[in-house]
Each structure stands twice: as C-alpha cells, then as structure tokens.
Amino acid sequence: MLRDKTIVLGVTGGIAVYKAADLVSKLKKQNANVEVIMTEGAANFVTPLTFQSLSHNLVHMDMFKELKNYDIEHISLAQKADVILIAPATANTIGKIANGIADNLLTTVVMASKAKIIFAPAMNTAMYQNPIVKENMDKLKNLGYEFIQPQTGLLACGDYGEGKMAEPADIVEYVISSFVKKDLIGRRIVITAGPTIEPLDPVRYMTNFSSGKTGYSIAKEAADRGAEVILISGNTPLIPPKGIEVVNVKTTREMLDAVGEYFDTCHVLIKSAAPLDYRPKTVSPIKIKKKPGEQDELTIDYIRNPDIAAYFGKRKKEQIIVGFAAETNNLSEYATEKMKKKNFDFIVANDVTQEGAGFKTETNIVTIIDKDGNSNDYPLMHKKDVAKIILDKVSNILKNRS
Ligand SMILES: Cc1cc2nc3c(=O)[nH]c(=O)nc-3n(C[C@H](O)[C@H](O)[C@H](O)COP(=O)(O)O)c2cc1C
C-alpha cells in the first residue's frame, strides 16, 4: 500500500520509542521507504542501530556533521518526504514545532518541508492535558498539521489516563489512508453488510453464509475517501472501521427499518448485505423439542420477508443504489434482470461457484453491469480492491451529475 512512498519518521524521546521500532517494521511491510530521524532524547532510550536495522537505511540525527557529499540532509529529507510522521511525539517537540523552533534535525526538517505532517503524541496524562501542550496542539491543528489521538490506558509511568501512543497498526492505517484520494467528502453513504438472521425459537435461528467482508471493506474505503458512512450491519464478528456510524440489526425487517431511517438523506445506498428472503411464519416462544420416538421430519412454514432492495428502488429520488447478485448460473442475465427490476444504478455480480469468489473468501471475481448497458469483467481480486472499483464508479456517477 505504501510502495514508492517515503515516510520520514521522527522519533522523539518518550518511553513509547520502543513501539516506534514495531512501527518501522510495519511500514516496511507496506513497502514504504522509511527514513528515521532520531532526536538526542530518543537515542537515550533506543540506539539508532535498532532503527537502522529495521528501516534498512542509515538513521539521521546530527544536523552539523561533516558532509560526505553535497547533500544538505535537512533539505533533502524535507523534499523527499511524502509524509513526515512523528511517533512518539513528545510534548517538547510538539511545543518546538508549534513555536517555530528548529534547533535539531527533526524540527528543522519539519520547518523546511511542504509534506503532510502527522503527530502521534505520547506522554503522561498530566502533560497531555497541560493547557500549554493543548494550546500548542490546537495551534498546529489549525495550521493543518494532523494528530493521531492517543489512547486512554495504563501508562508506562504507572498512571492510568489519556496519553498512551496509538497502536502502531492504527498509525500505519492512518498513514495509508492519508494517501487515499478524498473524492467522497460531503457524500453520505449507507452500506448494508452481512447476513440477517431469523429466529425459530429462543435458542435457534436461520441465516446464510454471508461474511460481511465486502460491505465492511466498502465502508472502510468510503470513510478513507472522506464519505460520511452509515454501516447497517447484520450478524458478523467483523470489527467495524473507525470513524463511521454503525447500526447493528438482526432480522431483515430490522434492516429495512434501519435503512429507512437514513435513506432520504443519503446520496448513495450500497446493498451488499444478504438479507434472508423468508422467515419462519411463527417463532416458538419455547424451545422446539424432539418428540420422543415418533418424529423424523420437522416442517416449518415460511413467510416472505420484505424485499429491501426493491422497496428502496421504488422510493429512490436522486440516490444512487448499488446492488449485488450472487449467482450460481446465468450470471449476466440474472444480474441484469435484478438490476432493472429493483431500479439499481449498477449491480456487482459474482458467480459463487468460481474458486476465490463468494461469501467466506477474502477475494472475489466480479462483473459490474450498469443501467446504461456497460458490462465489465474483473479478475480475481481482494475484496478491498473490489471496494475501490465500486466506489470509483460511484464517484464518477456523482461527478458527472454535479
Ligand atoms: C524515562 C523518561 C520518559 C519520558 N517519557 C516522555 C514521554 O512519554 N513523553 C514526553 O513528552 N516526554 C517524555 N520524557 C521527557 C522528554 O524526554 C524530554 O522532554 C526531552 O527533552 C524530549 O526531547 P525531544 O522532544 O527532543 O526528544 C521522558 C523522559 C524520561 C527521562
């Protein structure tokens, strides 16, 4: 995800320096070029050798050392940085940068760079809540510098509170999302995901094999691209992406009601959930028991659930509706028919019998068919990439309309 990107990582003198080693390793796994600048304070906690070994680059520290070639380090680092990430960021370094002080290599590089600057603060709660530190952070935020919110938890000093550096995995996610184009700012997108369930009795329910992975991937990508996302989620153990609104539902009727709450004010509805078409006609108030000896068969009567897609297809005004079709045969024909019947703008179809496509996998093989008759077949790809192509198409439709 970070191929061809140079992340200049400023490491300052806080106890969370040990986490910065993991951060470098995680950034390298995303194929980033990582150039580490350590402050003298940081070098008191961990030696440059650690970062040198993990980043596969020499560590930068001394601004005034004798030059080996005519390459002024603070200027070249400032220019080659796609992002300057300062993690952990001490109160001291935040304060210096907020006040225009450039007295070491890191603060000088920050001052000389036009790259995006991201801080991951880490400090004792009293320091973090100190009005001077807060004022410095507010000043920087107003100037466009970004901050990754520290966590609340047990701090290295033994105190419990706010100020623990965000986890390296979350910092990497933040950096990745900072490179994603923000073409969905100001758009409200409702996404349904996962299976619904329908109870039979107090201990049993029916459902289907939907994992929710596609819907959750679309929610993450849409949020990264700046959309306001409402994820209406059926029964799945997946962890929703940060910064979005999540509405958990169980049954198909609950999903219908939840979409109804948001539909009139949304720009886009993406229907990637797999709601059950039928539910048991009656739900037994007590556990259904085996009848001793006599009964080999159990017959359950079912009743149709509302068709969520068709309902909102009829109700739609300006909204874009994206539907999905998981088929086992006659893919294009059935998907086109479904798209027209339910008034979708386009449909994402996949043949669940193909290897690598379908519910439980991390990947899918999709065909996208739109109401203008365009049809595109895509190769096997990760569901995250499927999310990208779906949102690219949504974004193009929105752009052409405005
Ligand atoms: C053991 C120890 C732990 C420290 N932890 C932090 C910390 O987590 N956050 C912080 O802002 N300062 C911390 N400090 C204070 C900084 O090291 C000090 O303010 C220093 O001047 C920071 O310099 P730098 O910003 O140039 O790295 C700590 C100091 C010591 C001795």
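Predicted model, so just to flag it, every value in this text is computed and none were measured. (Residues numbered from 1 in each chain as written. Predicted model: local features only at pLDDT ≥ 70, side-chain atom pairs only at ≥ 80, totals over all residues. Heavy atoms only, no water.)

**A word on the nonpolar core**
Judged by nonpolar contacts, the single largest core of 32 residues is most densely connected at Leu9, Val11, Leu27, Val36, Phe51, Leu85 and Ile171. It is helix 1 (residues 17–29) that provides the largest number of residues to this core, a total of six residues. Aside from chain neighbours lying at most four places away, what touches Ile171 is Leu23, Leu85, Ala87, Ala120, Ile148, Met165 and Ala166. The next biggest cluster of nonpolar side chains, apart from the first, holds 29 residues, and it includes Ala222, Ala227, Ile270 and Leu391. (Core = buried A, V, L, I, M, F, W, Y, C linked by side-chain atoms within 4.5 Å. Buried < 20%, exposed > 50% of the residue type's maximum accessible area, 1.4 Å probe, protein only. Helix = DSSP H or I, 4+ residues; strand = E, 2+ residues; numbered from the N terminus. Contact = heavy atoms within 4.5 Å.)

**Brief notes about the side chain of Lys342**
Its location among the elements puts Lys342 in the loop between helix 13 (331–341) and strand 17 (346–351). Within the structure, Lys342 has its side chain in polar contact with the side chain of Asp307 (distance 2.9 Å). If near-sequence neighbours (up to four positions away) are discounted, Lys342 is found in contact with Asp307, Ala309, Ala310 and Gly313. (Polar contact = N/O pair within 3.5 Å; in protein donor to acceptor, adjacent residues only side chain to side chain.)

**Points about the pairing of strand 1 (residues 6–11)**
Here strand 1 lies mainly inside the structure; six of its six residues are buried. Of the two faces of strand 1, both are covered, the one formed by Thr6, Val8 and Gly10 as well as the one formed by Ile7, Leu9 and Val11. When strand 1 meets strand 2 (residues 33–38), the two strands line up parallel, connected through six bridges. Within strand 2, the position partnered with Val11 by the bridge is Met38. With helix 1 bridging strand 1 and the parallel strand 2, this β-α-β connection has right-handed handedness. Direction of pairing for strand 1 relative to strand 3 (residues 83–89): parallel, over a ladder of four bridges. (Pairing = 2+ DSSP bridges. Right-handed = clockwise from strand over helix to strand, strands pointing away.)

**Quick word on the environment of Ala309**
Inspection of the secondary structure assignment puts Ala309 in helix 12 (residues 308–315). A C-alpha to C-alpha distance of 26 Å links Ala309 and Asp183, two positions 126 residues apart in sequence. Those residues within four positions of Ala309 in sequence are excluded, and the remaining contacts are Lys271, Lys342 and Phe344.

**So, the site of the ligand**
By nearness alone, 13 residues border the ligand, and Gly13, Thr39, Thr90, Ala91 and Thr93 come closest of all. In this structure, Gly13 approaches the ligand through a main-chain N or O atom, which is 2.6 Å from an oxygen atom. Contact between the ligand and Ala91: an oxygen atom at 2.8 Å from a main-chain N or O atom of the residue. When the free accessible area of the ligand is taken as 640 Å², the share hidden by the protein chains comes to 61%. The element that contributes the greatest number of residues to the shell around the ligand is helix 5 (residues 91–98), accounting for three residues. Here the residues of the shell around the ligand are counted per class, giving six nonpolar, seven polar and no charged. (Near = heavy atom within 4 Å. Areas by Shrake-Rupley, 256 points an atom, 1.4 Å probe, with all protein chains shown as cover. Nonpolar A, V, L, I, M, F, W, Y, C, P; charged D, E, K, R; others polar.)

So far we have only geometry, and geometry alone does not tell us how the molecule works.
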